[in-house]
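A look at the structure
Next come the chains, spelled out residue by residue.
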Amino acid sequence: MTPVELRQLRYFVAVAEELNFGRAAERLLIAGPSLSQQIKALERDLGVRLFERDRRSVSLTPAGAALLPHTRVLLERADDLKRRAGLLSGSQSVRLGYVNWLPPDLMSRTAAVARLHLDAWVAPSHTQAARVADGSLDLAVCRVPADDLERLGLRARLLGADRLYAVAKGSDTGDVPARETDVLIDDDTTSWASWNGYAEELTRAVGARAVRISDGAVTGPAFFDHVRRCTRPVVNSPKGQTAALPPDLVRREIVAPKIYWTWSLVRRANEDRAGVLAVVDALCDEVGELGVHAPDAWLPAGDPYALPG
């Protein structure tokens, strides 16, 4: 069989969708006689008739109808191949900001689709989301409530989730109910806006106790000083997940419910650049729900991944 050109396959799909050679020719921006000749050449190369046509109508033959869905798939794959080849040419770079967490295999998962540049300014979640909205960043890994996504014109996909735990004095490492924990809330509403909003909703929802502080010690070594002063286990924020635990303190899992903090990959709602969208797909397509939809899981009501009700 003579090799078939993709151009001719696109002509076949256009005629099949229009069932009119004149309209198909206008859509393809070619002359009607030329389109008819190309379809005849395609039929000859394939060895089957694709259309029944007379002066009044055009219809697909059984062979044409059978080949049409396969042709569409082939053309979609060809378009995808072209898109990926364009990305591999290194012509597109993507700027990504973050708070303090990134997937460990970030670069290996995105290397095939774009040149990823990590922004050096590590800032709070609400700041990074605003930078995506104003175009300073293409993407950001942060926590953003659904209302802020709508207000800023952003879209988010789940990229990661931290199950929060408690830090406590003593030797008891058993589970602790969420209602029996303390939650630190800092007076600095600029630096800690995302955490404070989350923490306040957490205390209302599960009955935990709010502890007001003013020294920025939601995380870092000073956090452990607050744990030593509190009479109950203290919820550890995501920003402190990597801090080394002192030997005089213990980690306790929080239950009833299990408490989650989600990390989103945020982009502009009107983003249409192939490189940016390809990075989103490469990082998020196989993430799954990460436990946040389990019956005993808790997310704030405004979290983009909270289930209705």
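This write-up is about the structure you can find in this document.

Scoring rules and cut-offs
Residues numbered from 1 in each chain as written. Predicted model: local features only at pLDDT ≥ 70, side-chain atom pairs only at ≥ 80, totals over all residues. Heavy atoms only, no water. Helix = DSSP H or I, 4+ residues; strand = E, 2+ residues; numbered from the N terminus. Contact = heavy atoms within 4.5 Å. Polar contact = N/O pair within 3.5 Å; in protein donor to acceptor, adjacent residues only side chain to side chain. Buried < 20%, exposed > 50% of the residue type's maximum accessible area, 1.4 Å probe, protein only. 1 Å grid on protein atoms, 1.4 Å probe; cavity = no way out; pocket = protein on both sides within 12 Å on 5 of 7 lines; lining within 4 Å. Points joined across faces, edges and corners; volume = space filled by probe spheres on them. Nonpolar A, V, L, I, M, F, W, Y, C, P; charged D, E, K, R; others polar. Axes fitted to C-alpha atoms, helices over the stretch in contact; angles between N-to-C directions. Parallel < 35°, antiparallel > 145°, perpendicular 65-115°, else oblique. Core = buried A, V, L, I, M, F, W, Y, C linked by side-chain atoms within 4.5 Å.

**Observations regarding the environment of Thr61**
Residue position: Thr61 is located in the loop between strand E2 (58-60) and helix H4 (62-88). Between the C-alpha atoms of Thr61 and Thr231, which are 170 residues apart in sequence, the distance is 80 Å. When residues no more than four places from it in sequence are discounted, the contact partners of Thr61 are Arg49, Leu50, Phe51 and Glu52. Here the side chain of Thr61 touches Gly64 through a polar contact of 3.0 Å, landing on its backbone nitrogen.

**Notes on unusual backbone geometry**
Across the junction of Ala256 and Pro257, the peptide omega takes the value 5°, indicating a cis bond. By the element assignment, Pro257 lies in the loop between strand E12 (249-255) and strand E13 (258-268). One non-glycine residue, Leu29, lies in the positive phi region at around 60°. Secondary-structure assignment places Leu29 in the loop between helix H2 (21-28) and helix H3 (32-46). Classification of Leu29 by relative accessible area gives exposed; the value is 75%. With respect to the secondary-structure elements, Ala256 resides in the loop between E12 and E13.

**With respect to the environment of Glu150**
Mapped onto the fold, Glu150 is located in helix H7 (residues 146-152). Classification of Glu150 by relative accessible area gives exposed; the value is 63%. Here the alpha-carbon distance between Glu150 and Ala269, two residues 119 residues apart in the chain, equals 9.1 Å.

**Let's talk about the layout of surface pockets**
The calculated volume of the largest pocket comes to roughly 200 Å³. Taken together, the residues of the lining of the largest pocket sort by class into 11 nonpolar, 2 polar and no charged. In this structure, the second largest pocket occupies an estimated 160 Å³ of space. What lines the second largest pocket is simply His126, Ala129, Ala130, Arg143, Val144, Pro145, Asp148, Arg151, Leu152, Ala193 and Ser194. Of all the secondary structure elements, the ones that give two or more residues to the lining of the second largest pocket are helix H6 (125-134), H7 and helix H8 (193-206).

**Observations concerning the packing of H2 against H3**
Two elements in contact, H2 and H3, have axes whose closest approach is 9 Å; the angle formed by their N-to-C orientations is 100°. On the basis of their axis angle, the class for H2 and H3 is roughly perpendicular. Mapping the contact onto sequence places Phe21, Ala24, Ala25 and Leu28 in H2 and Gly32, Leu35, Ser36 and Ile39 in H3. The residue inventory of the contact of H2 with H3, partitioned by class, reads 6 nonpolar, 2 polar and no charged.

**A closer look at the nonpolar core**
Residues Leu139, Val141, Trp195, Tyr198, Ile259, Leu265 and Val279 are the most contacted members of the largest nonpolar core, which totals 67 residues. Beyond its immediate sequence surroundings of up to four residues, Ile259 is in contact with Asp162, Arg163, Leu164, Ala178, Tyr198, Leu202, Ile254 and Trp298. Listed in part, the 18 residues of the second largest apolar core include Leu42, Val58, Leu68 and Leu75.

Fair warning: the whole summary comes from geometry, so function is off the table for now.
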